[in-house]
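# Descriptive analysis of the structure
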Amino acid sequence: MKDKYYITTAIAYTSGKPHIGNSYEIVLADCIARFKRKQGYEVFFQTGTDEHGQKIELKAEEAGVTPKQFVDEVAGEIKSICDCLNVSYDKFIRTTDADHEKQVQKMFKKFYDQGDIYKGSYEGMYCTPCESFWTQAQLVDGKCPDCGREVKPAKEEAYFFKMSKYADKLIDYINTHPDFIQPVSRKNEMMNNFLLPGLQDLCVSRTSFKWGIPVDFDDKHVVYVWLDALSNYITGIGYDVDGNSSDLYKKMWPADLHLIGKDIVRFHTIYWPIFLMALGEPLPKQVFGHPWLLSGDGKMSKSKGNVIYADDLAAFFGVDAVRYFMIHEMPYENDGSISWDLMTERVNSDLANVLGNLVNRTISMSNKYFDGIVEDKGVAEAVDEDLKNVAKGTYAKVCSKMDELKAADSITEIFTLFKRCNKYIDETEPWVLAKDDAKKDRLATVLYNLTESIVIGASLLWPFLPATAEKIVESLGTSIRDYSDLDKFGLYTKTKVTDKPEILFARMDINDVYAEAARIAEIQKAQAGVTEAEDDENAIELKLKDEITYDDFAKMQFAVGEIVKCEEVPKSKKLLCSQVKIGNTTRQIVSGIKQYYKAEEMVGKKVMVLVNLKPATLAGVVSEGMLLCAEDQDGNLALMSPEKNMPSGAEIC
């Protein structure tokens with residue numbers, strides 16, 4: 001047994017069912033936990049739900065139930081999604097658990113007694129969805145800097161934590177522990193945007209709502225969500241403020257990895273470490289702020305019918321297909337994208353064609369030529385060596401990538417082995433060898449090499465696609481191999497493969513996929529109470545102008561233009577002057593979009609242009625057309641661009 005490994009995810013907020021982007025994190029954590037277990041680590045993997053706060057109190061009121069009834073239902077739904085995705089967590093904590101609540105109260109009292117917490121009052125702009133106070137200076141365009149939603153002025157009595165007391169110590173810790181915050185870009189953001197400019201004291205209690213853990217020495221107050229939620233990482237494994245912590249806590253803490261979304265890095269790398277310092281406890285070894293998995297259709301909304309849920313995808317494509325997509329498609333540092341189309345493409349190309357076809361062909365040939373018996377006859381040729389080297393070298397490559405938390409790269413390395421196996425089939429042509437009895441032993445050796453390579457690949461695939469990996473090795477008459485043996489070739493003993501290989505992944509018909517996506521979209525719209533004629537929550541009321549005739553419309557000519565040059569109009573606060581290529585001509589067009597676009601970022605954009613507008617002079621500059629824009633209810637503008645890459649001069653009709 002190697003060292004311990006304690007991994008956690010952020011606990012899911014119980015305001016509603018988590019979509020596919022939220023589910024990515026739990027699957028990634030599961031892959032890491034399973035991989036570490038196969039390497040021999042004593043792993044403890046914790047996830048769970050965050051169940052307090054004003055937002056939940058309001059949601060429960062809207063639903064006509066108590067907050068506890070509301071979170072019980074949602075927490076059950078979140079847990080069922082984890083189970084649906086075959087997530088091997090060791091502990092599912094809820095912040096309404098009695099032992100957690102008791103320890104949070106004791107922490108709050110400890111902080112107060114040692115002078116880290118004081119009572120005051122807070123006045124600022126409050127974001128209900130994020131449950132965060134902001135100063136005017138922190139707002140972005142007058143909205144919450146975290147989520148971009150509306151904020152409202154609020155004032156209430158509150159307790160505050162003296163963040164500045166520990167700031168220098170935290171800065172020193174981050175500087176001396178370069179792996180603490182990953183990726184490095186997140187570390188730079190925390191240092192430059194929050195720590196180095198100076199930390200403000202943090203509001204850690206509320207009085208304007210009741211759904212929270214009561215401050216036991218001041219019952220007007222409930223503990224603010226972040227102190228409550230973050231402490232789950234230690235309360236879940238038996239931490240006790242009074243020093244009577246469990247053996248599990250003593251063994252597992254500090255955490256080896258907090259796996260979280262990039263949007264909550266600040267809370268986990270500033271507030272949480274400071275709370276731990278105040279408790280006198282070690283800091284976690286690493287916090288990794290992963291990117292987001294976004295819908296290919298943009299922002300997810302039930303009223304649009306484009307929310308993608310993991311259980312819906314799993315019911316249609318299969319659990320391991322969903323796990324594969326989520327891991328494979330998410331870059332290390334940049335956001336990934338998911339859609340029904342992309343899922344279909346990945347299932348058909350990688351899972352059905354590369355992997356499924358490889359396993360099926362290998363087993364079928366073993367049955368056809370040797371009645372299912374796989375045996376190494378030792379008739380080697382030069383072409384075998386490269387396959388063997390790839391197979392033996394894959395484990396080291398996967399380990400290296402997993403150590404860097406580059407799971408997408410890891411699974412790519414595994415599929416490189418499977419692709420090499422397919423190439424080996426083309427190189428050796430077993431069907432040709434089968435025609436010559438003198439080459440029967442060579443044919444047996446080829447099929448043995450394929451089978452051995454597939455076993456190594458399947459063993460490496462197990463943390464990512466556990467059910468599929470188990471099916472593969474079972475069909476080959478063996479089991480998942482110990483990871484200490486994955487750099488060896490030739491361990492597969494004479495065995496009989498299954499008579500009837502199972503189709504691991506069936507190719508998907510895109511029309512069937514579209515039909516399923518449409519069915520789910522209609523269900524979502526019905527659940528949201530939206531008819532086809534209604535807009536989503538971001539829609540604004542359209543004020544109609546007087547009707548025009550078709551002849552009026554036909555007088556206007558629209559075309560696609562490409563901006564080849566753009567400059568600010570001197571002495572104007574609003575105007576940009578663009579040189580727009582439209583077919584074989586170039587027009588100069590002046591637009592009042594300076595506050596929304598920089599001149600240099602305009603160059604290269606494809607735009608929609610009203611080309612036969614009578615020229616006009618704006619701020620002394622001639623304008624020979626109009627760029628079309630959309631405007632929201634706040635007056636924000638966005639240039640209209642063609643959905644596909646259309647050539648300059650293409651007429652808009």
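## Examining the overall build of the protein chain
The secondary structure content of the protein chain amounts to 21 helices and 27 strands. Projected onto the principal axes, the alpha-carbon positions of the protein chain cover approximately 90 × 80 × 50 Å. Within the protein chain, counting contacts between residues at least 6 apart in sequence, those at least 24 apart form 75% of the total. In the structure as shown, the protein chain presents an accessible area of about 30400 Å², 48% of it carried by carbon and sulfur atoms.

## Things to note about the sheet that holds strand β9 (residues 202-203)
Backbone hydrogen bonds hold the strands of a sheet together, and the pairing may be parallel or antiparallel. Reading across the sheet, the four strands line up as β6-β5-β7-β9 and stay open at both edges, with antiparallel pairing between neighbours. The open sheet terminates on both sides in strands that have one partner only, identified here as β6 (132-134) and β9. Alignment of strand β7 (residues 152-161) against β9, held across two bridges, turns out to be antiparallel. Bridge assignment links Phe161 to a residue of β9, and that residue is Leu202.

## Section: the pattern of salt bridges
Counted according to the given criterion, the structure contains 39 salt bridges. Across the pair Asp218 and Lys119 runs a salt bridge whose closest N-O atoms are separated by 2.9 Å. Taken as a pair, Asp218 in the loop between β10 (205-206) and β11 (222-223) and Lys119 in strand β5 (residues 117-127) lie far apart in primary sequence, 99 residues in all. When its relative accessible area of 11% is taken as the criterion, Asp218 is described as buried. The residue Glu502 makes a salt bridge to Lys471 at a minimum N-O spacing of 3.3 Å. Here Glu502, found in the loop between β17 (495-496) and α19 (510-527), pairs with Lys471, found in helix α18 (residues 466-475); they are 31 residues apart in sequence, far enough to count as distant. If you follow the salt bridges from partner to partner, you end up with Glu51, Lys68, Asp72 and Arg94 in one network.

## Some points on the domain arrangement of the protein chain
For the protein chain, the assigned domains read domain 1 (353-496) and domain 2 (550-652). Just the C-alpha atoms count here: the centres of domain 1 and domain 2 sit 57 Å apart.

## Brief notes about helix α5 (residues 164-176)
With 13 residues, α5 extends 19 Å between its outermost C-alpha atoms, agreeing within 8% with the 18 Å of an ideal straight helix rising 1.5 Å per residue. All of the buried residues along α5 are Tyr166, Ala167, Leu170, Ile171, Tyr173 and Ile174. Along the long axis of α5, the arc covered by the buried residues comes to 165°, so they all point the same way. Within α5, the exposed residues directed more than 90 degrees away from the buried face are Asp168 and Lys169. Lining the buried residues of α5 we find β7, β8 (181-182), α6 (184-195) and α10 (265-279).

## Examining the pairing of strand β20 (residues 585-591)
Note: strand β19 (residues 576-582) against β20, seven bridges, orientation antiparallel. The residue of β20 that forms the bridge with Val580 is Arg587.

## Some points on the packing of α6 against α10
Running from N to C, α6 and α10 cross one another at 65°; their axes reach a closest spacing of 11 Å. Judged by the twist between their axes, the crossing of α6 over α10 is right-handed. When α6 is examined against α10, the residues Arg186, Met190, Phe194 and Leu195 are found in contact with a partner set consisting of Val265, Arg266, Thr269 and Ile270. A breakdown of the residues in the contact of α6 with α10 according to their chemical character gives five nonpolar, one polar and two charged.

## Details of a nonpolar patch on the surface
On the surface, Ile548, Phe553 and Met556 cluster together into a nonpolar patch covering about 280 Å² of accessible area. With respect to the secondary-structure elements, Ile548 resides in the loop between α19 and α20 (550-554). Accessibility expressed as a relative area gives 54% for Ile548, which makes it exposed.

## Thoughts on the state of the cysteines
In total, this model carries zero disulfides according to the counting rule given. Left without a disulfide partner, Cys566 is nearest to the cysteine sulfur of Cys577, which lies 7.4 Å away.

## Details of the side chain of Thr9
Position of Thr9 among the secondary structure elements: in strand β1 (residues 4-9). Accessibility expressed as a relative area gives 2% for Thr9, which makes it buried. Side-chain polar atoms of Thr9 contact the side chain of Thr47, separated by 2.7 Å.

## Topic: unusual backbone geometry
Cis geometry is found at the peptide bond from Gln182 to Pro183, where omega equals -10°. Across the junction of Trp253 and Pro254, the peptide omega takes the value 10°, indicating a cis bond. Considering the arrangement of structural elements, one finds Pro254 in the loop between α9 (247-252) and β12 (257-261). Unlike most non-glycine residues, Asp371 shows phi in positive territory, near 55°. Within the element layout of this structure, Asp371 appears in the loop between α13 (340-370) and β16 (373-374).

## Re the packing of α13 against helix α17 (residues 440-461)
Contact geometry for α13 and α17: axes closest at 10 Å, N-to-C directions at 145°. Crossing geometry of α13 relative to α17 is assigned as left-handed. Taken together, the residues of α17 that come into contact with α13 (itself represented by Leu355, Leu358, Val359, Thr362, Met365, Ser366, Tyr369 and Phe370) are Lys440, Leu443, Ala444, Leu447, Leu450, Thr451, Ile454 and Leu461. In terms of residue class, the contact of α13 with α17 is built from 12 nonpolar, three polar and one charged.

## A few points about the pairing of β5
Relative to β7, β5 runs antiparallel, the two being bridged by 10 bridges. Counterpart to Gly120 in the pairing with β7 is Ala158. Counted along the chain from β5 to the antiparallel partner β6, the turn is four residues long, and its residue Glu131 has a positive phi close to 55°.

## Observations regarding the packing of aromatic side chains
The final tally for this structure, using the stated rule, is 30 aromatic pairs. Each member of the aromatic cluster is reached from another via a ring pair, and the members are Tyr6, Phe44, Tyr233, Tyr239, Tyr249, Trp253 and Trp272. Over the aromatic face of Phe217 sits the side chain of Lys109, whose NZ or CZ is 5.9 Å from the ring centroid. One cation-aromatic arrangement involves Arg266 over Phe267; the distance from NZ or CZ to the ring centre is 4.6 Å.

Procedures and definitions
Residues numbered from 1 in each chain as written. Predicted model: local features only at pLDDT ≥ 70, side-chain atom pairs only at ≥ 80, totals over all residues. Heavy atoms only, no water. Helix = DSSP H or I, 4+ residues; strand = E, 2+ residues; numbered from the N terminus. Contact = heavy atoms within 4.5 Å. Areas by Shrake-Rupley, 256 points an atom, 1.4 Å probe, with all protein chains shown as cover. Pairing = 2+ DSSP bridges. Salt bridge = Lys/Arg side-chain N within 4 Å of Asp/Glu carboxyl O. Buried < 20%, exposed > 50% of the residue type's maximum accessible area, 1.4 Å probe, protein only. Domains from an automatic or database assignment. Expected span 1.5 Å × (residues − 1). Arc of directions from axis to C-beta. Axes fitted to C-alpha atoms, helices over the stretch in contact; angles between N-to-C directions. Left-handed = near helix turned anticlockwise from the far one by under 90°. Nonpolar A, V, L, I, M, F, W, Y, C, P; charged D, E, K, R; others polar. Patch = residues over 30% accessible without salt bridge, like charges linked within 9 Å, V, L, I, M, F, W, Y side chains within 5 Å. Disulfide = S-S within 2.5 Å. Polar contact = N/O pair within 3.5 Å; in protein donor to acceptor, adjacent residues only side chain to side chain. Phe/Tyr/Trp six-rings, centres within 6.5 Å; stacked < 30°, edge-to-face > 60°. Lys NZ or Arg CZ within 6 Å of the ring centre and 35° of its normal.

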